[in-house]
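Structural overview for review
Here is how the chains run, residue by residue.
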Amino acid sequence: SPRMVGTEASVSKRFSPAEKLATAVIQDVDVAGMHADHIKPLSAGGPTDISNCQLLSAAANLAKASHYMELRGWQQAFHRSWTNRESGRPFLLVAIPGGGKTVAALAVASDWIRAGSDRRIIIVVPTCNLQEQWQDEATKFGLELQTKEFGTNFKHGFAGAAITYQTIASNSLIVKKMCSSAPTMVVFDEPHHCGREKSWGDGIAEAFGLAKEHLLLSGTPFRTDGTAIPFVRYDGNGYSVPDFSYDYPSALEQGVVRWLAFEFSQGSYSVASESGTHEFELNSKISDEDASLRLRTLLNAGGEFTREIIRKAHAKLMDVRRTVPDAAAMAACMDMYHAAAVAKAIREETGEDPVVLVSD
């Protein structure tokens, strides 16, 4: 099959027609128009052998290019746990934020969907931004996901879709029909966004009751209001029961996440008003309302207190980097406008250009 110049296949050995045909039989797909792809690229040490062959559509193969996701140790352990699961029973993966849940889920989802030509995947996410992120990550596994314009079926060449919880809640019967029409694996990203008694939770429970497999990914598998989450199992005390967990100490030991330290300020500060200058202790016992007002005054990005905090934090960071070269600093701000103002102050005080992250 012709490939784009620049992909790893353009300079590598091709699979034989017999290997391609055997792979088509296993995947239960029509060999015509499909590309024989190295699951693990030659550039990453993958062999041109039937065991390393998969058939992808032209678009999926070109999107995948030479991407290859080498699973971390915990992801491999999760993969084994998923493989040995009781088929059909919802599976809850609890892992710390930033640990790599998306890659872990796509690894097992890509294996699952290629075990049958009529299978499909639906990823359910809280926001539209996450739809696009899942779509981008899926291409590294040779999977194409729709994010819009889907009805009771998906466009040719697409493995499934990434859909928001809100969309599911308002189209639960359509999605239920999709799940009844073909074997469907659903992946819930942070399912605590839907509680069984809430409209989103009710829609999710109805829409995916007929799905063949349910994989739930969470860093916080509970709701603060105590509402049960659809497809999550609970013990006698109301706590969720994970099927696989990856916690912070493990991630820290393996170098997946950073060691985190909070710096605290002590001392006093002065506030000038019409009645004169008033001095306050940072640890003085005051009401929550007064504390909130004083905090906003202190955290004024143009004020001397914030500027001094920035200078001290930067000096501390430079000192830490003598022994931990990749150490970083983060300023948690009140809102996106405050974040922009603090970023400006950081540039002026340190000469460094910080990355600004906001919830939008």
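Worth saying up front: this structure is predicted, and the values here are computed from it rather than measured.

Comments concerning the overall build of the chain
Scanning the chain from terminus to terminus reveals 12 helices and 11 strands. Within the chain, the fraction of its 360 residues that count as buried is 39%. In the chain, of all internal contacts separated by at least 6 residues, the share reaching a separation of at least 24 is 67%.

Side note on the packing of helix α4 (residues 101-113) against helix α5 (residues 128-139)
The geometry of α4 relative to α5 is characterised by a closest axis approach of 10 Å and an angle of 55 degrees between their N-to-C directions. The angle between α4 and α5 places the two elements in the oblique class. The element α4 and its partner α5 pack so that their crossing is right-handed. The segment α4 lies against α5, with Thr102, Val103, Ala105 and Leu106 engaging Trp134, Glu137 and Ala138. Split by residue class, the contact of α4 with α5 holds five nonpolar, one polar and one charged.

Concerning unusual backbone geometry
One non-glycine residue, Glu190, lies in the positive phi region at around 55 degrees. Assignment of secondary structure puts Glu190 in the loop between β7 (184-189) and α8 (199-207). Note on Glu190: relative accessible area 17%, which makes it buried. Of note in this structure, Phe231 is not a glycine but carries a positive phi near 75 degrees. When you line up the elements, Phe231 lands in the loop between β8 (213-218) and β9 (244-246).

Some points on the sheet that holds strand β3 (residues 91-95)
If you walk across this open sheet you meet the seven strands as β5-β6-β4-β7-β8-β3-β9, and the pairing is parallel. The sheet terminates laterally at β5 (145-146) and β9, the two strands that pair on one side only. Strands in contact with α4 are β3, β4 (120-125), β7 and β8; relative to β8, the strand with the most contacts, it is inclined by about 170 degrees.

Things to note about a nonpolar patch on the surface
Together, Tyr248, Leu252, Trp259, Leu260, Phe262 and Phe264 make up an exposed nonpolar region whose accessible area comes to about 780 Å². Mapped onto the elements of the fold, Leu260 is located in the loop between α9 (248-253) and β10 (268-273).

Focus on the confidence of the model for the chain
Overall, the predicted model of the chain reaches an average pLDDT of 83, with 89% of residues at or above 70. Within the chain, helix α12 (residues 336-350) carries the highest mean pLDDT (96), whereas helix α2 (residues 58-64) carries the lowest (64). Here residues 1-12 is a poorly scored stretch, pLDDT under 50, and it has 24 contacts once near neighbours within four places are set aside; other chains count.

Topic: the side chain of Gln146
Along the polypeptide, Gln146 turns up in strand β5. When its relative accessible area of 3% is taken as the criterion, Gln146 is described as buried. A polar contact of 3.2 Å, which involves the side chain of Gln146, links it to the backbone oxygen of Lys148. If we skip the residues at most four places from it in the chain, Gln146 touches Phe154, Lys155, Phe158, Gly160, Ala161 and Ala162.

Focus on the nonpolar core
Phe78, Leu93 and Leu215 are the most contacted members of the largest nonpolar core, which has 36 residues in total. For this core, the secondary structure elements donating two or more residues are α3 (73-83), β3, α4, β4, α5, β7, β8 and β9. Ranked by residue count, the leading element in this core is α4, at nine residues. In this view, Leu215 contacts Phe78, Trp82, Phe91, Leu93, Ala105, Val108, Met185, Val186, Val187 and Phe188; residues no more than four positions away in its chain are not counted. Formed by 23 residues, the second largest nonpolar core is a distinct cluster that contains Leu92, Ile163, Ile229 and Phe231.

As for the pairing of β4
Moving residue by residue along a regular strand, the side chains alternate between the two faces of the sheet. Among the six residues of β4, six are classified as buried, and the element is accordingly described as predominantly covered. Residue alternation in β4 divides its side chains into two sets, Arg120, Ile122 and Val124 and Ile121, Ile123 and Val125, and both sets are buried. Across five bridges, β4 lies against β7 in parallel orientation. Along β7, the bridge assignment pairs Ile122 with Val186.

Quick notes on the pairing of strand β2 (residues 53-56)
A two-sided burial pattern is seen for β2, the buried positions comprising Cys53 and Leu55 on one face and Gln54 and Leu56 on the other. Where strand β1 (residues 35-38) meets β2, four bridges bridge the pair, whose relative direction is antiparallel. Among the inter-strand pairings, His35 is bridged to a residue of β2, identified as Leu56.

Cut-offs applied
- Here the residue numbering is sequential within each chain, running from 1 through the sequence in written order.
- Per-residue local features of the predicted model are confined to residues with pLDDT of at least 70, and side-chain atom pairs are confined, for both listing and counting, to 80 or more; whole-chain, interface and lining totals are unaffected and use all residues.
- With hydrogens and water excluded, all non-hydrogen atoms of the structure serve as input to the side-chain values.
- Counting from the N terminus, the helices are the DSSP runs of H or I reaching at least four residues and the strands are the DSSP runs of E reaching at least two.
- Each residue's exposure class comes from its accessible area (1.4 Å probe, protein chains only) as a fraction of the maximum for that residue type: buried when under 20%, exposed when over 50%, partly exposed otherwise.
- By definition, residues are in contact when any of their heavy atoms lie within 4.5 Å.
- Only the contacting stretch of a helix is used when fitting its axis, a line to C-alpha atoms as for every element, and angles between N-to-C directions run 0 to 180 degrees.
- Comment on the angle field: the value is read as roughly parallel under 35 degrees, roughly antiparallel over 145, roughly perpendicular from 65 to 115, and oblique elsewhere.
- If you view the pair so one helix is near and one far, a crossing is left-handed when the near helix is turned anticlockwise from the far one by less than a right angle, and right-handed when it is turned clockwise.
- Three classes are used, and their members are as follows: Ala, Val, Leu, Ile, Met, Phe, Trp, Tyr, Cys and Pro are nonpolar, Asp, Glu, Lys and Arg are charged, and the others, Gly among them, are polar.
- Following DSSP output, two strands are said to pair if at least two bridges run between them.
- The patch calculation keeps residues exceeding 30% relative accessible area without a salt bridge and links them within 9 Å when they carry like charges or within 5 Å when they are nonpolar (Val, Leu, Ile, Met, Phe, Trp, Tyr).
- We get accessible surface area from the Shrake-Rupley algorithm with a probe of 1.4 Å; when it comes to residues, only the shown protein chains can shield them.
- Basic side-chain nitrogens of Lys or Arg form a salt bridge, by our definition, when they fall within 4 Å of a carboxyl oxygen of Asp or Glu.
- Each residue carries a pLDDT value, the predictor's own confidence for that position, ranging from 0 to 100.
- Any pair of N or O atoms that falls within 3.5 Å is considered a polar contact. Within protein, one atom must be able to donate a hydrogen and the other to accept it, and sequence-neighbouring residues count only if both atoms are side-chain atoms.
- Within this scheme, the nonpolar core is defined by two criteria: the residues are buried Ala, Val, Leu, Ile, Met, Phe, Trp, Tyr or Cys, and they are joined through side-chain atoms within 4.5 Å.

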